There are 2 protein chains.
Amino acid sequence: MATQSSRKTKQRDALVSVFERAERPLSVGELLAAASKRIGGLGVATVYRAVGALLEEGWIEAVEIPGEPTRYERSDKGHHHHFQCEKCDRVFDIAGCLENLRKLVPPKFRIKDHSVMLYGLCATCSR
Amino acid sequence: MATQSSRKTKQRDALVSVFERAERPLSVGELLAAASKRIGGLGVATVYRAVGALLEEGWIEAVEIPGEPTRYERSDKGHHHHFQCEKCDRVFDIAGCLENLRKLVPPKFRIKDHSVMLYGLCATCSR
DNA sequence: CTACTATTGATAATAGAATATCATTATCAA
DNA sequence: TTGATAATGATATTCTATTATCAATAGTAG
């Protein structure tokens, strides 16, 4: 009898499913709202726990924005950046990246990571 | 007798002076430490108040980084971005910007602002 | 100099996200 | 089916940056 450490539950299934359908990074609040449609009475703590587990697995990644609750999205999307709508607050993925980062920093600086955030109005809110 | 609304104090002078000498964005903690060298017993609340006032004046601007205390820097530096050292946590200015932002977003999205953050090791910490 | 009051500093209070607690429920190996 | 225990949900707690409070101090107009 090996130490069992993970059970299959409907709340986790629902959350995984939400991530699979998601076309943009979601906050815990958004996750809760989306998964609640399927699982009545779902609690925030459960969402946080599932997110924590999925993060550890590496199946999702955090998208952090200053002054905003962290969003999460599947980590198989490849390198990309984000756009946040000032009006609806939703965060969207934007394809592509910028190349000439290296030449921006002083010589001896070693770049290990970078993030690009765009702010403005999304397609829906700009009309 | 007009309503007087601002008095000249040594703590504010000291903070303004710190900003003038600063070559990188400073957090409230860093501001406190720096200004305390000149003003003994300086309190954090005073730093927060001065920062708030200078922000309103538009003389300084906030540099926000996820999970980090806000840094502040003089707003006359022109458009630029930042680099944070993973080791010493200091934030540095980096000259220049990236041009091709527009072409990253979907057609109907309206970009109003953007931020680029680089992470890595600064010149001092990378040796 | 003096009176008025903005400012200060110490600290309590707030706010928001994330974590811990714990009794109850539900999964699953045997 | 059943017993062991992982998972859940409600809620209390923590954490940390920032704001509010208030008595004491110090600019400054007259």
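Here the structure is shown first, and the text comes after it.
As a starting point, this report considers the structure included with it.

Rules behind the numbers
- Residue indices follow the written sequence of each chain, beginning from 1 at its first position.
- Chains carry letters from A onward and ligands carry numbers from 1 onward, assigned in written order.
- Predicted model: local features are reported for residues with pLDDT of at least 70 only, side-chain atom pairs are reported and counted for 80 or more only, and whole-chain, interface and lining totals are derived from all residues.
- Throughout, a residue-residue contact means that the two C-beta atoms, derived from backbone geometry, are no farther apart than 7 Å.
- Strands here mean DSSP runs of E at least two residues long; helices mean DSSP runs of H or I at least four residues long; both are numbered from the N terminus.
- Residues are sorted three ways: Asp, Glu, Lys and Arg are charged, Ala, Val, Leu, Ile, Met, Phe, Trp, Tyr, Cys and Pro are nonpolar, and all the rest, Gly among them, are polar.
- Strands were regarded as paired on the criterion that DSSP finds at least two bridges between them.
- Residues are counted as near a molecule or strand when the C-beta atom, derived from backbone positions, lies within 6 Å of that molecule or strand.

**A closer look at the interface of chain A and chain B**
1) Next: At the junction of the two partners, chain A supplies 31 residues and chain B supplies 31 residues.
2) Next: Sorting elements by how many residues they give to the side of chain A that touches chain B places strand 6 (residues 110–121) of chain A first, with 12 residues.
3) Next: Of the residues belonging to the side of chain A that touches chain B, the class tally is 18 nonpolar, 7 polar and 6 charged.
4) Next: Judged from the 11 bridges that link them, strand 6 of chain A and strand 6 (residues 110–121) of chain B form a sheet pairing that is antiparallel. Pairing of Tyr119 of chain A across the sheet is with Asp113 of chain B, part of strand 6 of chain B.

**Regarding the protein's contact with DNA strand D**
1) Next: Neighbouring DNA strand D are 27 residues, the closest being Gly43, Ala45 and Thr46 of chain A together with Lys8 and Thr70 of chain B.
2) Next: Ranked by the residues each element gives to the surface near DNA strand D, the list is headed by helix 3 (residues 44–57) of chain A, at 4 residues.
3) Next: Across the surface near DNA strand D, the residue classes break down as 9 nonpolar, 12 polar and 6 charged.

**Description of the protein's contact with DNA strand C**
1) Next: Residues in close proximity to DNA strand C total 27 residues, the closest being Lys8 and Thr70 of chain A together with Gly43, Ala45 and Thr46 of chain B.
2) Next: Residue assignment for the surface near DNA strand C shows that the elements contributing at least two residues are helix 3 of chain A together with helix 1 (10–21) and helix 3 (44–57) of chain B.
3) Next: The element contributing the most residues to the surface near DNA strand C is helix 3 of chain B, with 4 residues.
4) Next: A breakdown of the residues in the surface near DNA strand C according to their chemical character gives 9 nonpolar, 12 polar and 6 charged.

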